[in-house]
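Survey of secondary and tertiary structure
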Amino acid sequence: MFKVVDSNGQSEIVGFCLLTSEDSENVTNMASTFQKWNPAWKSTTCIMADKDFVERNVFKNKFTDEHTLICIFHCLRSMSREITTEKMNITLGNRTNNRLESTNQKITQVVTKHLRLDQLFQGLEMLMVTLRTERDHVAHECFTKTPSYFNDLTKNEKEIYHHLTTYAFNKVIKKFRLRDDVDIKIIDKNLQIVTIQSSEGILTTSIWKCSCSFDTSMNLPCHHIFKVQQMFTVELYNPHLSAERWTRQFYSKVCRVMPANVSQTLSNLDEVCTNENHVVSISMVKKDKKKIPNAHEKFRQAYIEAKRLASLTSEATGKKYEQRLNVLKHIAHLWESDINITTTNIDELNKINY
């Protein structure tokens, strides 16, 4: 399973692959197929994989310019087997939030053993529809809801909030408020570079870049950078310190639930929000023209109604259950033959069942 993280920290499944075995040849073919159908793979900067050496070696060869990392979940799990309290008299705690493992648990709920291949993909498709609906809901809230604590934010904090997605803002605001806890050792005023003592060791930080893991991995400003900016009296809010992928403007362009007119409004949001007293109003204009739903939207609507029918059928008992189940089977049989069904057909079927 291939999975990516969007601008608001939500997971998106971008590919499934069924392998007969996880040998080098099959894994290489899997990676090549993914690259063939996803031209944007060249923009990948970091890959998270498990401890499987074949998989890691293949991805290092196919994605030569990216960093391939091993998931801390699998590191700790392997170490907990080999380094135990009985062997080494120590303990390890697992504090990771593994996205793939979470999705794998959901897959096992809809995909069971001994399924036919078509049933397998139907289950995966239904899962993807559900996950995408949840992700779209979170995206919608990112643009339509304002948190209750917004009025308590400072001017710089409000500017950061308007510039970044909710997920990125929550990451940055914690760092922003830790800037006074930074332990500075050496200051170079000419180059505006300082040496900082941190839990990660000695760090070299400027007003633009820091060698800490947060800035390196997230491409978001850390508390070390904020501290250096504060020392040299540089404006704390600098939109260029954050990668484009974490901005609301970029998220509005790639998000499925945001219409084009709102995306255009957000393109000038950074300039507008530099004035603290300015109020931004985003309005939705309803068009009279009825939108034709795409295949994904039609499947989601039909899936909701099908779930209702399945629930009502399962609530019945005895002969009533058999009668309702036969009606559903009859409808499915007619639709497979591209035959429309009427209430008359259902009444006739009910008479036969009774």
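Residues numbered from 1 in each chain as written. Predicted model: local features only at pLDDT ≥ 70, side-chain atom pairs only at ≥ 80, totals over all residues. Heavy atoms only, no water.

Our focus in this paragraph is the overall build of the protein. Counting secondary structure elements, the protein contains 16 helices and 7 strands. Long-range contacts, defined as pairs at least 24 residues apart, comprise 50% of the intrachain contacts of the protein with a sequence gap of at least 6. (Helix = DSSP H or I, 4+ residues; strand = E, 2+ residues; numbered from the N terminus. Contact = heavy atoms within 4.5 Å.)

What follows is about the nonpolar core. I160, L164, F169 and L220 are the most contacted members of the largest nonpolar core, which totals 29 residues. It is helix α8 (residues 166-176) that contributes the most residues to this core, 5 residues altogether. Filtering out sequence-adjacent residues up to four positions away, I160 remains in contact with F169, V172, F176, F226 and Y237. In terms of nonpolar packing, the next biggest core, distinct from the first, is built from 9 residues, V27, M30, I47 and V58 among them. (Core = buried A, V, L, I, M, F, W, Y, C linked by side-chain atoms within 4.5 Å. Buried < 20%, exposed > 50% of the residue type's maximum accessible area, 1.4 Å probe, protein only.)

This next bit is on helix α7 (residues 155-163). Turn by turn, an α-helix covers 3.6 residues, leaving residues three or four places apart pointing in a common direction. Burial analysis of α7 places 7 of its 9 residues in the buried class, which makes it a mostly covered element. Inspection of α7 places N156, E157, K158, E159, I160, Y161 and H163 among the buried residues, and these make up the whole buried set.

What the rule picks out here adds up to 10 salt bridges. R132 serves as the salt-bridge partner of E12, at 3.1 Å between the closest nitrogen and oxygen. Of this pair, E12 sits in strand β2 (residues 11-15) while R132 sits in helix α6 (residues 117-144), placing them 120 residues apart in sequence. Residue class for R132 comes out partly exposed when judged on its relative accessible area of 26%. Here K209 makes a salt bridge to D215, at a shortest N to O gap of 3.5 Å. For K209, a relative accessible area of 44% translates into the label partly exposed. (Salt bridge = Lys/Arg side-chain N within 4 Å of Asp/Glu carboxyl O.)

A few words now on the confidence of the model for the protein. Taken residue by residue, the protein gives an average pLDDT of 78. The fraction at 70 or more is 76%. Looking across the protein, the model is least confident in helix α4 (residues 85-88), with a mean pLDDT of 46, and most confident in α8, with 92. Between residues 85-97, whose pLDDT stays under 50, and residues either more than four places distant or in other chains, the model counts 16 contacts. Across residues 269-282 the pLDDT falls below 50, and counting only partners more than four positions away or on other chains, this stretch makes 19 contacts in the model. (pLDDT = per-residue confidence, 0-100.)

This part covers the packing of helix α14 (residues 295-315) against helix α15 (residues 318-336). Relative to each other, α14 and α15 sit at 155°, their axes nearing to 8 Å. Overall, the two elements α14 and α15 adopt an arrangement that is roughly antiparallel. Seen from above, α14 lies across α15 with left-handed handedness. Contacts between α14 and α15 involve L309, L312 and T313 from the first element and Y321, R324, L325 and L328 from the second. (Axes fitted to C-alpha atoms, helices over the stretch in contact; angles between N-to-C directions. Parallel < 35°, antiparallel > 145°, perpendicular 65-115°, else oblique. Left-handed = near helix turned anticlockwise from the far one by under 90°.)

With that out of the way, let us pick up the side chain of H224. Inspection of the secondary structure assignment puts H224 in helix α10 (residues 223-231). Judged by relative accessible area, H224 falls into the buried class, the value being 5%. Of the polar contacts made by the side chain of H224, one reaches the side chain of H223; its length is 3.4 Å. Beyond its immediate chain neighbours, meaning those up to four positions away, H224 contacts V182, I196, S198, L203, T205, C210 and C212. (Polar contact = N/O pair within 3.5 Å; in protein donor to acceptor, adjacent residues only side chain to side chain.)

Right, let's talk about the packing of α6 against α14 for a bit. Closest axis-to-axis distance for the α6/α14 pair is 11 Å, and the angle between their directions is 100°. Of the possible angle classes, the one that applies to α6 and α14 is roughly perpendicular. Where α6 approaches α14, its residues E125, M126, V129, T130, R132, T133 and D136 are matched on the opposing element by H296, F299, R300 and Y303. Per-class residue counts for the contact of α6 with α14 are 4 nonpolar, 3 polar and 4 charged. (Nonpolar A, V, L, I, M, F, W, Y, C, P; charged D, E, K, R; others polar.)

Turning our eyes to something else, we now look at the sheet that holds strand β6 (residues 193-198). Strand order across the open sheet formed by 3 strands is β5-β6-β7, with antiparallel pairing between neighbours. A strand with exactly one partner marks an edge of an open sheet, and here the two such strands are β5 (183-188) and β7 (201-206). Each neighbouring strand pair of the sheet contributes to a mean axis angle of 25°, computed without reference to strand direction. Inspection of the sheet shows β5 paired to β6 by 5 bridges, in the antiparallel sense. Paired with I187 across the strands is V194, a residue of β6. Lying over the sheet, α10 contacts β5, β6 and β7, oriented at roughly 50° with respect to β7. (Pairing = 2+ DSSP bridges.)

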